[in-house]
Amino acid sequence: MKKILAVLLAGILALSLVACGGNKSQTTTSASGEKVIKIGVFEPQTGENGGGGIQEVYGIRFANMIYNKVNIGGEEYKVELFEVDNKSDKTEAVNAAQKLIAEKVVAVCGSYGSGVSIAAGEYFKEAKIPAMGCSCTNPQVTNGNEYYFRTCFLDPFQGTVMSSYCKNHGYDKVAVITQLGDDYSEGLGNFFVKACEKNGINVVAQEKFQTNEQDFKAILTNIKAADPQFIFAPSSIATAPLILSQARELGIECQIGAGDTWENGTIIENAHGAAEGAVVTTFYEANPATATGEEAVFLNGNGTVKGFSDYLVSMGQPKDIPAVSALGYDAYLAVFKAIEAAGSTDGNAIREALTKLSFTGVTGDISFNADGDANKNAAYVKEVENGNFVFKELVKIN
Amino acid sequence: MFNVIATISEVASTKATFGFSVIVQHALTGISVGGCYALIAIGYTLVYGILRLINFAHGDIFMVAGYFMIFSFAVMPFPLAIIVTLVATTVLGILIEKFAYSPLRNAPRMSVMISAIGVSYLLQNLATYLFTALPKAYPAIPGLKQVIKIGNISTSLVTILTPIITILLVMLLLWLVNKTKIGMAMRAVSRDYEAASLMGIKLNKTISFTFAIGSVLAAVGSILYFTDRMTVFPYSGSLPGLKCFVAAVFGGIGSIPGALVGGFFIGICETIIKAAGLSTFSDAFTFIVLIVMLLIRPTGLFGEKNIDKV
Amino acid sequence: MKNINFKSRMNIDLLIYLAIIVVSAVILVFLDMNKFEYNYSISIIEKSLVYAVVALSMNIVTGFTGLFSLGQAGFMALGAYTTAILTIPAAARPNVYYMNGILPALENAVVPIPIALILGGVVAAAFALIIGIPVLKLKSDYLAIATLGFSEIIRAVIASPMMDKITNGSYGLKSIPGFKSSLECFAFSLVCIILMILIINSSTGRDFKAVREDEIAARSVGINIFKTKQLSFIVSSFFTGVGGGLLAMFMRSIDSKTFQITLTYDILLIVVLGGIGSITGSIVGAFFVTAGKEILRFFDEPLVVAGVEIPLFKPGFRMVIFSILLMVVVLFFRKGLLGGKELSINGLKKFSRKKDEVSVGGVA
């Protein structure tokens, strides 16, 4: 019986934990006397999506370097970022989100990966903190959550775009490879198949693989036997080089395509040349020659801050600009502009401002529909040429 | 072997698109994967034979060997890099035994197992911390990735080389265990280590040697496996590790030829299952094999009859 | 005389514990009332409570019966999915099952949360009953691998396309009603923990321990070894299932990836750090590990001292520290923080009296 004491300890620990929480207000005053508000950065920096997550963080940090002061009600506030690592893991994501809420952030940017965003979304909604997704493309992120917005397009859109690409290129036999248990991969694949049925494209093979799979030869051999003209294989950065190189080794010569996750230099590097010719749909294409407005600021800096490429290099990264960094930049900018428009740090006021917001960001015109998704109707298709992603065409869907 | 081919063609016949070349292609894949599995499975079998311990960290040693190769290849010519990788992996294996297992020699078996899980957990987290979770490119050893084409069949040199190297190494190992003094010591220790130590066999030395062999084979397996798959990430050892343990059990834990057969069996079956469009159950199948085998014939195909009770 | 003394002592203890439960509840009520001030603490407490339930249930089978089972994640998945499927509001279902639709029979199958949790436990227990028949015949390490295998099989089946209309396959479930207050979480966990404590201290619990200590001796006093093992496995799985349901409520959205082997390892970490075979150990361990993981978050952030970035601090460092801690405990404090003993008021008194002795023992 005395072992009920166990519970006692729980109580004591609970008590000690109260000390962790504290009375924090949304606006604080820094040591130098400046008034400060915080924007949360909710991104994976480790785990399965750690690589993509950090690229978004760079975009957000860079935007914060450029837009670091906001005027609210006639007073100037310094905007600080508060970063948490959600570890690409849903359980961790809940605590990370709570950490942001406890830090009294006025809004949140992130995350890379939809699962963690969905998990955290319920909490942001409850705390009435508006969140701005960067590259979480799953419909469920914003669906039924009026506090979640995003600057990117959605899974159904990407699948549809790829199908249109196939149609435009006259492919009529395609194959799909998706990852079991992964909402992104299965989602894109599913919408691709649906769009293909509509476009009259024949899906000759549909193969699936397990998470952490490293042997794709078996399913690729089947695909080879079906002899498609195009293979759609939306999957993670870790999987991409394996699929690409094993397909080429088996003598599959058709084009291979995927969604936004594949637009990452590490894939080209890891595939040892097998990535050549692969196509991806993505959010952004840097074009320094024609850049104007926000894009010019992003690419070239604003006088005091150098352009984003230089920033990446200073962080020890390759100088190529990942699309997700541009989205991170836009996400921060949307939040920033909404705070300015709302003239308040109140979550509801910022949310209201976001629904009415319209501006031209790095990745194009940004405004949000009733679900909170950015109104985007075009995706950039890039192809790997000589070890680089080269912009090929803009595919529009109406 | 003929059974396996018969099974392949049985499954294959269910799919109209399957031709002869497809079957050969699948067979090549299965045998190649199986070869790598066999090399790792031997590590499990040796350690289990001697310590009665599932070395949960073995799959992660295999993963770390991948990272060793990446870093050594970056700074030295490849023959040297291979040697460095083999040596470094061996040292790692021996160190793990010294620090994590030998202090628990007389502890309850559960403690040793938890320690093994702990090492596995540590290696994975350490790899994530040091090298990030992103996959790292595995260096291409000159010639090994060369694509060979015969008609409709296309494969790389390493795919064909893997089973050959595996079988050669196993023959070497069998000679070592059966004909040399240290091999005899290993067999004695695995039979009864108390009696063996009374007979003057140096227990710790023999155990270290066993770990060294297991690690070297894991390193060779790692080179063959990752050359074919070209990327390493912190969790790339965990699943192959578990599968290879199953392979070892299937063949009869403690038996080297058993591990070889088990490795090929698991590799080929897995390929058949994936080829039949049942990827969902490819991992599940492995565990079902384990459970069925343990229930029907707990000693495995080639295992010795004496079962210890607890 | 002695008897009465013992009884009154027990009553006093009981009173103290009750008082402490009440105090904890009051604190939680206070926290709930200031939800937005303390939500981070609340979240940590809730997660710790859920993990305490699961860790204690693992301890029943591993610590008290001596069966090394690594199937926790699978049983949690069963409980979590059952609870989620039965509690997601009917109105939200079309949204959740946006890709493949939902089985017509499940469209309006909503039950109250406590019933859903119990059903989650029952489903997990039923599976334990079935797989226990072959698996429990295996020896210690084979048992570990086999249960781990089953856990993976359960996960694979949940994520498989065949289950799309029930588990939503790869897309996971969301809109699961969460805890209305931390008090609700506390109440559910408390009930589970008390029930488990009662079982452990009952004659059945003594049978478990007898089997752990010496199977042959246990058999000779008339204990049916297999039945006892089976019972322990089922009881443990039931509470693991309920714990999984609580985890689903805590997370509000789940998918099959949540229930990978690493989840089992996390629970094992708690059990080992707390002490195998210690009830209080599992509970303290749950708080220690969960809170520790959060408090140590600063290890993952770059640390700048006097303008110089200390190179050690970068993402992932936290988990390295936990792995090292696990190894240190396994190697040097084999019995965990509490070493198979229980924290109690009497224990504390004794401890303070015998402090020197104990500390010497601890080092050795």
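What you see is a predicted model; the values in this text were computed from it and never measured.

## A word on the overall build of chain A
- Tallying secondary structure elements over chain A gives 13 helices and 16 strands in all.
- The C-alpha atoms of chain A give 22 Å as radius of gyration, which agrees with the globular expectation for 398 residues (21 Å, within 12%).
- Viewed in the frame of its principal axes, chain A has a C-alpha envelope of about 70 × 65 × 40 Å.
- Of all 398 residues assigned to chain A, the portion counted as buried reaches 64%.
- Within chain A, counting contacts between residues at least 6 apart in sequence, those at least 24 apart form 67% of the total.

## Details of the interface of chain A and chain B
- Facing 32 residues of chain A, the contacting portion of chain B comprises 35 residues.
- For the side of chain A that touches chain B, the secondary structure elements donating two or more residues are helix H2 (50–66), strand E9 (202–209), helix H7 (217–226), helix H8 (240–249) and helix H9 (265–270) of chain A.
- The element contributing the most residues to the side of chain A that touches chain B is H7 of chain A, with seven residues.

## Some thoughts on the confidence of the model for chain A
Residue and element names in this part refer to chain A.
- Of the residues in chain A, 93% have a pLDDT of 70 or more, and the chain-wide mean is 86.
- Within chain A, the lowest mean pLDDT, 49, falls on helix H1 (residues 5–18), and the highest, 95, falls on strand E10 (residues 230–232).
- This stretch, residues 1–7, has a pLDDT under 50; its non-local contacts, to residues over four places away or in other chains, come to 25 contacts.
- This model gives residues 18–23 a pLDDT under 50, and the stretch forms 12 contacts once residues within four places in sequence are excluded.

## Focus on the environment of Met-63 of chain B
Residues and elements named next belong to chain B.
- Mapped onto the secondary structure, Met-63 falls in helix H3 (residues 58–75).
- Note: C-alpha distance between Met-63 and Ile-223 (160 residues apart in sequence) is 10.0 Å.
- The residues touching Met-63, leaving out its near neighbours within four places in the chain, are Ala-127, Val-232, Pro-234, Ser-236 and Gly-237.

## Structural notes on the domain arrangement of chain A
All names here are of chain A.
- One can read the domain layout of chain A as domain 1 (24–153 + 295–367) and domain 2 (156–282 + 380–396).
- Computed over C-alpha atoms, the centres of domain 1 and domain 2 are 30 Å apart.
- If you list the elements that add at least two residues to the side of domain 1 that touches domain 2, you get H2 and helix H4 (114–127).
- The class makeup of the residues in the side of domain 1 that touches domain 2 is five nonpolar, seven polar and two charged.

## Observations concerning the domain arrangement of chain C
- Taken domain by domain, chain C consists of domain 1 (1–33) and domain 2 (34–363).
- Each partner contributes to the interface: domain 1 of chain C provides 10 residues, whereas domain 2 of chain C provides 11 residues.

## Description of the sheet that holds strand E12 (residues 279–282) of chain A
Residues and elements named next belong to chain A.
- Pairing is mixed across the open sheet formed by seven strands, whose spatial order is E9-E8-E10-E11-E12-E15-E16. Either end of the sheet is taken by a strand with one partner, and the two such strands are E9 and strand E16 (388–396). Sheet twist, expressed as the mean angle between neighbouring strand axes with direction ignored, is 25 degrees.

## Quick look at the pairing of E12 of chain A
Residues and elements named next belong to chain A.
- Of the two faces of E12, the one carrying Val-279 and Thr-281 and the one carrying Val-280 and Thr-282 are both buried.
- In this fold, the crossover linking strand E11 (residues 255–258) to E12 by way of H9 has right-handed handedness.
- Pairing between E12 and strand E15 (residues 378–385): four bridges, direction antiparallel. From the neighbouring strand, Thr-282 faces E15, where its bridge partner is Tyr-380.

## Overview of the packing of helix H5 (residues 109–131) of chain B against helix H6 (residues 140–159) of chain C
- With their axes 10 Å apart at the nearest point, H5 of chain B and H6 of chain C run at an angle of 40 degrees to one another. When the axis of H5 of chain B is compared with that of H6 of chain C, the two are oblique. Facing H5 of chain B, whose interface residues are Arg-109, Met-110 and Met-113 of chain B, H6 of chain C presents Ser-140, Asp-141 and Ala-144 of chain C.
- Per-class residue counts for the contact of H5 of chain B with H6 of chain C are three nonpolar, one polar and two charged.

## Quick notes on the pairing of E9 of chain A
All names here are of chain A.
- Pairing between strand E8 (residues 173–179) and E9: seven bridges, direction parallel. Each bridged residue has a counterpart across the sheet, and for Ile-177 the counterpart in E9 is Glu-207.
- Once the chain exits E8 it traverses helix H6 (residues 183–199) before rejoining the sheet at E9, and the crossover so formed is right-handed.

## Concerning helix H12 (residues 261–274) of chain C
Residue and element names in this part refer to chain C.
- Its 14 residues place the ends of H12 20 Å apart at the C-alpha level, agreeing with the 20 Å of an ideal helix rising 1.5 Å per residue.
- Summarising burial for H12: 13 of the 14 residues are buried, a large majority.
- Phi turns positive one or two residues past the end of H12, at Gly-275, with a value near 115 degrees.

## Some details on the packing of helix H6 (residues 157–179) of chain B against helix H9 (residues 203–229) of chain B
Residue and element names in this part refer to chain B.
- As a packed pair, H6 and H9 sit with axes 10 Å apart at the nearest point and diverge in direction by 170 degrees. Taken as axis vectors, H6 and H9 run roughly antiparallel relative to one another. From H6, Val-158, Thr-159, Thr-162, Ile-165, Leu-169 and Leu-173 reach across to H9, where they touch Ile-213, Leu-217, Val-220, Leu-224, Thr-227 and Asp-228.
- Its residues placed into classes, the contact of H6 with H9 shows eight nonpolar, three polar and one charged.

## Let's talk about unusual backbone geometry
- The omega angle of the peptide bond from Gly-110 of chain A to Ser-111 of chain A is 15 degrees, so this bond is cis rather than trans.
- You can see Ser-111 of chain A is positioned in the loop between strand E5 (107–109) and H4.
- Even without being a glycine, Ser-175 of chain C presents a positive backbone phi close to 60 degrees.
- Residue classification places Ser-175 of chain C among the buried residues on the basis of 22 C-beta atoms within 10 Å.
- At Arg-252 of chain C, a position not held by glycine, the phi torsion is positive, near 65 degrees.

Conventions used here
- Residues numbered from 1 in each chain as written.
- Chains lettered and ligands numbered in written order.
- Predicted model: local features only at pLDDT ≥ 70, side-chain atom pairs only at ≥ 80, totals over all residues.
- Helix = DSSP H or I, 4+ residues; strand = E, 2+ residues; numbered from the N terminus.
- Rg over C-alpha atoms; globule rule 2.2 N^0.38 Å.
- Buried ≥ 20, exposed ≤ 12 C-beta atoms within 10 Å, placed from the backbone.
- Contact = placed C-beta atoms within 7 Å.
- pLDDT = per-residue confidence, 0-100.
- Domains from an automatic or database assignment.
- Nonpolar A, V, L, I, M, F, W, Y, C, P; charged D, E, K, R; others polar.
- Pairing = 2+ DSSP bridges.
- Axes fitted to C-alpha atoms, helices over the stretch in contact; angles between N-to-C directions.
- Right-handed = clockwise from strand over helix to strand, strands pointing away.
- Parallel < 35°, antiparallel > 145°, perpendicular 65-115°, else oblique.
- Expected span 1.5 Å × (residues − 1).

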